[in-house]
Amino acid sequence: MAGGIKAIGFAGCALTGLALAALVGTASAAEVNLYTTREPGLIRPLLDAFTAKSGVTVNTVFVEKGLAERVAAEGARAKADVLMTVDVGNLIDLVDRDLAQPVRSGVLEAAVPATLRDAEGRWFALSMRARVLYADKDLTDLTAITYEGLADPTWKGGLCLRAGQHPYNTALIAHYLVKHGPEKTEAWLRALKANLARKPAGGDRDVARDILADTCRIGLGNSYYVGLMRSGRGGPEQRTWGEGIKVVMPTFAGGGTHVNISGAVVARNAPNRDEAVKLLEYLVSDEAQGLYAKADYEYPVKAGAPIDPLLTALGPLTIDSVPLVEIARNRKAASLLLDTVGFDN
């Protein structure tokens, strides 16, 4: 099979193409099978570059939902070599379900900080996004803010958020829980709810839209949405939203900014393990980390790798020191607190 990328799909998944059975029937040592919850088009530039450099064909399988369930059901018959997903909680779920195998790689360990990978090498972050503040440009004095400060009554009736139970917000609340404990976190959530301008709904880009519509004055959104909006990739309307807000990099009091990740594991039953490790090692190279920045407006995990100018314009990013694994372990408790305060009601 010639080197390159083939995208295939399963029933219920978004892509179509060759059946997996036909694919794996012709698999060779020069291939690697990537199961991903990310749209393959978003990462295609990286995979094309990997194939050009290594000669290894990447067969991508887009599984929009139920990645862990699918791989678990396939068991030893699974042909996945690499499982790629967003949100650290999803990576931890793969590990907890015994669907990942440990990898010892000097390349990965040198490139990925210890707080952004599993101590036993079962998952690795590949790119990062920060949970930042979107704000009305008229708030000229607002140049810094803490996540704790979002609860200040100053913002009553002025805060917009997507659903609290969305993984982007649940991860932030879990981070707050690690920092402050359950009682203070519950009080913080009640104060946030009191400050809401509308019911938590929509997406992060809708927060920017609603700020421009004077529905709210501030809100939270992922940093990469700023890049997507301001680049014009989402169309002229979204460019207007992105350029119409100011962005402030929040921190925890005495700490840093909350980040979440995109990452990957080597599947437990990977038939092409060596190629899978090569792919992960390439994805943390300077070249690939720069491609991540250009393709998805995400931050590199490797120190010194290039950052897209649309992200550098947001100001310096200082990552909080709480390990991602601690945040992931507190997601369920965060979700329960959200229900306790009726945050999304």
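Residues numbered from 1 in each chain as written. Predicted model: local features only at pLDDT ≥ 70, side-chain atom pairs only at ≥ 80, totals over all residues. Heavy atoms only, no water.

## A closer look at the confidence of the model for the protein
Stage number 1. Counting all residues, the mean pLDDT for the protein is 90, and 92% of those residues have values of 70 or more.
Stage number 2. This stretch, residues 5-28, has a pLDDT under 50; its non-local contacts, to residues over four places away or in other chains, come to 51 contacts. (pLDDT = per-residue confidence, 0-100. Contact = heavy atoms within 4.5 Å.)

## Re the environment of Gln 289
Stage number 1. Along the polypeptide, Gln 289 turns up in helix α11 (residues 286-296).
Stage number 2. As for Gln 289 and Tyr 225, which are separated by 64 residues in sequence, their C-alpha atoms are 18 Å apart.
Stage number 3. A distance of 2.8 Å separates a polar side-chain atom of Gln 289 from the backbone oxygen of Leu 126. (Helix = DSSP H or I, 4+ residues; strand = E, 2+ residues; numbered from the N terminus. Polar contact = N/O pair within 3.5 Å; in protein donor to acceptor, adjacent residues only side chain to side chain.)

## Let's talk about the side chain of Arg 162
Stage number 1. Its place among the elements puts Arg 162 in the loop between β7 (159-160) and α6 (167-195).
Stage number 2. Among the polar contacts made by the side chain of Arg 162, one reaches the side chain of His 166 at a distance of 3.3 Å.
Stage number 3. Those residues in contact with Arg 162 that sit more than four places away from it in its chain are Arg 131, Tyr 168, Asn 169, Pro 200, Ala 201, Gly 202, Gly 203, Asp 204, Val 207 and Tyr 225.

## Some details on the packing of helix α7 (residues 204-212) against helix α9 (residues 236-243)
Stage number 1. Axis separation between α7 and α9 bottoms out at 8 Å; the angle between their running directions is 70°. It follows that α7 is roughly perpendicular to α9 by the angle criterion. The residues of α9 that touch α7, namely those facing Arg 205, Ala 208, Arg 209 and Leu 212, are Gln 238, Thr 240 and Trp 241. (Axes fitted to C-alpha atoms, helices over the stretch in contact; angles between N-to-C directions. Parallel < 35°, antiparallel > 145°, perpendicular 65-115°, else oblique.)

## A closer look at the pairing of strand β2 (residues 31-36)
Stage number 1. For β2, the buried fraction is high: 6 of the 6 residues fall into the buried class.
Stage number 2. The alternating pattern of β2 places Glu 31, Asn 33 and Tyr 35 on one face and Val 32, Leu 34 and Thr 36 on the opposite face, and all of these are buried.
Stage number 3. Handedness of the β-α-β unit built from β2, helix α2 (residues 40-54) and strand β3 (residues 57-62) comes out right-handed.
Stage number 4. Across 3 bridges, the pairing between β2 and strand β4 (residues 82-86) is parallel. Across the sheet, Leu 34 pairs through a bridge with Val 82, a residue of β4. (Buried < 20%, exposed > 50% of the residue type's maximum accessible area, 1.4 Å probe, protein only. Right-handed = clockwise from strand over helix to strand, strands pointing away. Pairing = 2+ DSSP bridges.)

## A look at the pairing of β4
Stage number 1. Taking burial as the measure, the 5 residues of β4 include 4 buried ones, the bulk of the element.
Stage number 2. With 5 bridges joining them, β4 and strand β10 (residues 259-267) adopt antiparallel strand pairing. Opposite Met 84, over in β10, you have Ala 264 as the bridge partner.

## Examining the packing of aromatic side chains
Stage number 1. Taken as a whole and assessed by the stated rule, the structure comprises 5 aromatic pairs.
Stage number 2. Ring centres 5.7 Å apart and planes at 45° place the aromatic pair Phe 50 and Tyr 282 in the tilted group. In this pair, Phe 50 sits in helix α2 while Tyr 282 sits in helix α10 (residues 273-283), placing the two residues 232 residues apart along the sequence. Of the two residues, Phe 50 and Tyr 282, both sit in the buried class.
Stage number 3. One aromatic cluster in this structure is built from Tyr 147, Tyr 176, Trp 188 and Phe 252. (Phe/Tyr/Trp six-rings, centres within 6.5 Å; stacked < 30°, edge-to-face > 60°.)

## Quick notes on the environment of Arg 198
Stage number 1. Within the secondary structure, Arg 198 is located in the loop between α6 and α7.
Stage number 2. Residue class for Arg 198 comes out buried when judged on its relative accessible area of 18%.
Stage number 3. Residues Arg 198 and Thr 215 lie 17 residues apart in sequence; the distance between their C-alpha atoms is 7.9 Å.
Stage number 4. Leave out the neighbours within four places in its chain, and Arg 198 touches Leu 159, Cys 160, Leu 161, Asp 206, Val 207, Asp 210 and Thr 215.

## Side note on unusual backbone geometry
Most peptide bonds take the trans configuration, and most residues that are not glycine carry a negative phi.
Stage number 1. You will see that Asp 87, though not glycine, has its phi angle at about 80°, which is positive.
Stage number 2. Residue classification places Asp 87 among the buried positions, given a relative accessible area of 6%.
Stage number 3. The backbone of Asp 98 sits at a positive phi, close to 60°, despite the residue not being glycine.
Stage number 4. By the secondary structure assignment, Asp 98 is in the loop between α4 (88-96) and β5 (100-101).
Stage number 5. Looking at Asp 98, the relative accessible area reads 42%, which means it is partly exposed.

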